[in-house]
Amino acid sequence: MFARSAARILAAPSTRLFSASAVNQIKVAVLGAGGGIGQPLSLLLKNDPLVTSLSLYDIRGAPGVAADVSHVDTGSEVKGYAADQLDQALEGVKVVVIPAGVPRKPGMTRDDLFNTNASIVRDLAAAVGRVSPDAHILVISNPVNSTVPIVAGTLEKAGVFNPRHLFGVTTLDVVRSARFLGQVAGVSPKETRVTVVGGHSGPTIVPLLSQNPYGKKVTGEALAALVHRIQYGGDEVVKAKDGAGSATLSMAYAGAKFANALLRGLSGEKGVITPTFVKNPLYADQGIDFFASNVELGLDGVEKIHPIGEITAEEQKLLEACLPELKKNIEKGKAFVA
Ligand code: NAD
Ligand code: LMR
């Protein structure tokens, strides 16, 4: 589904950049594979031709999920690991996706998940640092604005932090923006790709709608309503699920979409650019050293961080509201590790 370029790669095995050996070496682990996101994400990764081996880990249920997913008729190998097999699950992995942790219930903010998820993410990051320190780590667990600095701090402590290899997955905000703007403009979401910068919670989600030709035409109350829907899309799902969790299926889609973009970059495809929450110099002078912006993905992960580009006065105001909240979230994550 996400592999238009992958199909091209497989059809042209003699192309130097996309050599079969590069493709063959991509083993992906999902930590939290038994969960609401983990299960459909594992299925979608099984369907990605760039994934050649899938390692599924959870404190419960991963061997069952692996047995199930392994019957899908694509070439990748799938293996499930039980609670006491984390290190084995991480052996030889190039990419680790982490959706482990508790989701929100109505009335909660993402930050309310911190107390539970911070230690889950820290312990998983420590294991990655110990067993596969060169792996690319994709953090889905909330609150992303804090869990990403927690992973960075944990790896830093272990002396193995590589800022090119750590990504907070903010793709669901990009997916929602394209979908919601597409609905407002009455066109296909293919036409309404939007760069979303900042972080991943309420006011820290800053969609740069003016940079899309259809987004540029949305103004006034319609613009305010669209921005609000993008910033609080997660709440819409939490409310509708009524205590049964938060977005899982759209998140699995977004996670697989981002993983595919990273894998294409790792496989040598050029020009793969997508927003993601990374160690970022754009606002570092204000003490905000993690930030989501357009990132070019390459053979070694983060290849180039793009500037914000031209934005409107309204978007500037959104950014001003984002920065102090984001700073607080990042500092909270760092303090937890320190
Ligand atoms: P879930 O409860 O359905 O699944 C979480 C899974 O994590 C469970 O299977 C659980 O057993 C597992 N788990 C818990 N501790 C673990 C550990 N130490 N090691 C391995 N696995 C462990 O929750 P979900 O709906 O899949 O959501 C997971 C996380 O993703 C939540 O924190 C949620 O807020 C977040 N999320 C993020 C985004 C995003 O855009 N980044 C979107 C949706 C959800
Ligand atoms: C989302 O945006 O859907 C996720 O971050 C889950 C949540 O808690 O809203």
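Residues numbered from 1 in each chain as written. Chains lettered and ligands numbered in written order. Predicted model: local features only at pLDDT ≥ 70, side-chain atom pairs only at ≥ 80, totals over all residues.

**Student:** Please clarify how the overall build of the protein should be interpreted in this entry.
**Tutor:** Counting its regular elements, the protein contains 13 helices and 11 strands. Its C-alpha atoms give the protein principal-axis dimensions of about 50 × 45 × 40 Å. The burial tally for the protein puts 50% of its 338 residues in the buried class. For the protein, long-range pairs separated by at least 24 residues make up 70% of all intrachain contacts whose partners lie at least 6 apart in sequence. (Helix = DSSP H or I, 4+ residues; strand = E, 2+ residues; numbered from the N terminus. Buried ≥ 20, exposed ≤ 12 C-beta atoms within 10 Å, placed from the backbone. Contact = placed C-beta atoms within 7 Å.)

**Student:** I would appreciate a short explanation of the UniProt feature "domain: Lactate/malate dehydrogenase C-terminal" (unreviewed entry) in the protein in the present structure.
**Tutor:** This chain's UniProt record puts "domain: Lactate/malate dehydrogenase C-terminal" (unreviewed entry) on residues 170-337. For residues 170-337, helix accounts for 49% and strand for 17%, while the C-alpha atoms at its two ends are 22 Å apart. (UniProt positions renumbered as here; feature names shortened; annotations may be inferred.)

**Student:** What am I meant to see in unusual backbone geometry here?
**Tutor:** Residues other than glycine predominantly adopt negative phi, and peptide bonds predominantly adopt the trans conformation. For the bond from Asn142 to Pro143, the omega torsion is -5°, close enough to zero to count as cis. Relative to the assigned elements, Pro143 resides in the loop between strand 5 (136-139) and helix 7 (144-157). The residue Asp242 is not glycine, and still its phi comes out positive at about 55°. Among the structural elements, Asp242 can be located in the loop between helix 11 (233-241) and helix 12 (249-266).

**Student:** What is the right way to look at the packing of helix 8 (residues 171-185) against helix 12 in this model?
**Tutor:** Angle between the axes and distance between the axes: these two values describe a pair of packed helices. Where helix 8 contacts helix 12, the two axes come as close as 8 Å, and the packing angle between them is 110°. With respect to each other, helix 8 and helix 12 are oriented roughly perpendicular. Contacts between helix 8 and helix 12 involve Thr171, Leu172 and Val175 from the former and Ser250, Met251, Tyr253, Ala254, Gly255, Lys257 and Phe258 from the latter. Looking at the contact of helix 8 with helix 12 residue by residue, the class counts come to six nonpolar, three polar and one charged. (Axes fitted to C-alpha atoms, helices over the stretch in contact; angles between N-to-C directions. Parallel < 35°, antiparallel > 145°, perpendicular 65-115°, else oblique. Nonpolar A, V, L, I, M, F, W, Y, C, P; charged D, E, K, R; others polar.)

**Student:** Looking at this model, I keep getting lost on the UniProt feature "active site" (unreviewed entry) in the protein. Mind explaining?
**Tutor:** The sites that carry the UniProt feature "active site" (unreviewed entry) are, in the present numbering, His200. Along the polypeptide, His200 turns up in the loop between strand 7 (196-198) and strand 8 (205-207). Beyond its immediate stretch of four places on either side in the chain, His200 contacts Val144, Asn145, Gly168, Thr170, Asp173, Ile205 and Phe277.

**Student:** Can you help me understand the site of ligand 1 in this one?
**Tutor:** Taken together, the neighbourhood of ligand 1 is formed by 32 residues, with Gly35, Gly36, Ile37, Ala100 and Asn142 sitting nearest. Here the shell around ligand 1 gets three residues from one element, more than from any other, and that element is helix 6 (residues 114-131). A class-by-class count of the residues in the shell around ligand 1 yields 16 nonpolar, 13 polar and three charged. (Near = placed C-beta within 6 Å.)

**Student:** Mind showing me how you'd approach the site of ligand 2 here?
**Tutor:** Around ligand 2, the structure places Pro103, Arg104, Arg110, Asn142, Leu172, Gly234, Val237, Val238, Ser246 and Ala247. A total of three residues in the shell around ligand 2 trace back to one element, the largest contributor, which is helix 11. Its residues placed into classes, the shell around ligand 2 shows five nonpolar, three polar and two charged.

**Student:** It is not clear to me how the pairing of strand 4 (residues 95-98) should be interpreted in this structure. Could you clarify?
**Tutor:** Remember that side chains alternate between the two faces of the sheet whenever the strand is regular. Residues of strand 4 alternate between two faces, with Val95 and Val97 on one and Val96 and Ile98 on the opposite face, all of them buried. Examined bridge by bridge, strand 1 (residues 27-31) and strand 4 share three bridges and lie parallel to one another. Opposite Ala29, over in strand 4, you have Val96 as the bridge partner. For the segment spanning strand 4, helix 6 and strand 5, crossover handedness is right-handed. (Pairing = 2+ DSSP bridges. Right-handed = clockwise from strand over helix to strand, strands pointing away.)

**Student:** What is the right way to look at helix 7 in this model?
**Tutor:** Since the α-helix turns once every 3.6 residues, residues separated by three or four places project in the same direction. Spanning 14 residues, helix 7 covers 20 Å between terminal C-alpha atoms, matching the ideal 20 Å at 1.5 Å per step. Among the 14 residues of helix 7, 11 are classified as buried, and the element is accordingly described as predominantly covered. For helix 7, the set of buried residues is Val144, Asn145, Ser146, Thr147, Val148, Pro149, Ile150, Val151, Ala152, Thr154 and Leu155. Gly159 sits one or two residues past helix 7 and shows a positive phi near 75°. (Expected span 1.5 Å × (residues − 1).)

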